[in-house]
Amino acid sequence: MKYWLMKSEPDECSIDDVLAAPGRITPWSGVRNYQARNFMRDQMKIGDGVLFYHSSCPEPGIAGIAEVASAAYTDKTQFDRKSEYYDAQSTRTEPRWLNVDVQLVKKTRFVPLAELRTHKPVAGMRLLRPGNRLSITPVTEREWKYIAKLV
């Protein structure tokens, strides 16, 4: 089993949106970074743990615990000309972009980024490294267990 931190902008898909979704499942679409795509394609497995993280908002932070609920599959938004995630270079026979489904396990106490920075056991998290902008990052088992106690 692996662990991940997955960022979502709450005005696009918040923890409450996933709570209201059928089966508490949502496609994690719109990823347009090759490294993040490769994590989904090559490493994510059904049942992997996910820290659901609100980003690009006044107070970013961990909002819940989820799990990967599907294998990677073609992200349909890349073909939708009306979508901000449309990719004219991608074709149906050779799609560039993938997504996975994520199922919410529970909404947790909100743990702001500023608070995470004060906890030495997670100081090495990729999220906390200067310049990290990836929407999906691996989380170590040690980091996962520590954060699970915080939430």
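One can find the structure itself at the top, above this paragraph.
An account of the accompanying structure is given in this report. Quick caveat, the model's predicted, so the values are computed rather than measured.

### Remarks on the nonpolar core
- In terms of nonpolar packing, the biggest core is built from 21 residues, with W4, M6, W28, M44, V100 and I136 touching the most fellow members.
- Contributions of two or more residues to this core are made by β1 (3-8), α1 (15-20), α2 (34-43), β3 (49-54), β4 (61-68) and β7 (101-112).
- In this structure M6 touches W28, M44, V50, L51, F52, Y53, V100, V102, S135 and I136, once residues within four positions along its chain are discounted.

### Some details on the side chain of D75
- Locating D75 in the fold gives a position in the loop between β5 (73-74) and β6 (98-99).
- Not counting residues within four places of it along the chain, the set of residues in contact with D75 comprises S29, G30, V31, R32, W97, L98 and N99.

### Observations concerning the side chain of S90
- Structurally, the position occupied by S90 is in the loop between β5 and β6.
- Here the side chain of S90 touches R96 through a polar contact of 3.0 Å, landing on its backbone nitrogen.
- In this structure S90 touches Q78, F79, P95 and R96, once residues within four positions along its chain are discounted.

### Describing helix α4 (residues 141-150)
- When we look at burial in α4, the residues that qualify are E143, W144, I147 and L150. Seen from one end, α4 has its buried residues packed into an arc of 115°, which puts them on one side. Facing away from the buried surface of α4 by more than 90 degrees, the exposed residues are R142 and K149.
- For α4, the elements touching its buried residues are β1, β3, β4, β7, α3 (113-116) and β8 (136-139).

### Description of the sheet that holds β8
- Strand order in the open sheet formed by 6 strands is β2-β7-β4-β3-β1-β8, and the pairing between neighbours is mixed. A strand with exactly one partner marks an edge of an open sheet, and here the two such strands are β2 (25-27) and β8. With strand direction ignored, the average angle separating the axes of adjacent strands in the sheet is 40°.
- Of the pairings in the sheet, the one linking β2 to β7 comprises 3 bridges and is antiparallel in character. Note on β7: the bridge partner recorded for P27 is D101.
- Contacting β1 and β8, α2 crosses the sheet at an angle of about 55° to β8.

Definitions and limits used
- Residues numbered from 1 in each chain as written.
- Predicted model: local features only at pLDDT ≥ 70, side-chain atom pairs only at ≥ 80, totals over all residues.
- Heavy atoms only, no water.
- Core = buried A, V, L, I, M, F, W, Y, C linked by side-chain atoms within 4.5 Å.
- Buried < 20%, exposed > 50% of the residue type's maximum accessible area, 1.4 Å probe, protein only.
- Helix = DSSP H or I, 4+ residues; strand = E, 2+ residues; numbered from the N terminus.
- Contact = heavy atoms within 4.5 Å.
- Polar contact = N/O pair within 3.5 Å; in protein donor to acceptor, adjacent residues only side chain to side chain.
- Arc of directions from axis to C-beta.
- Pairing = 2+ DSSP bridges.
- Axes fitted to C-alpha atoms, helices over the stretch in contact; angles between N-to-C directions.

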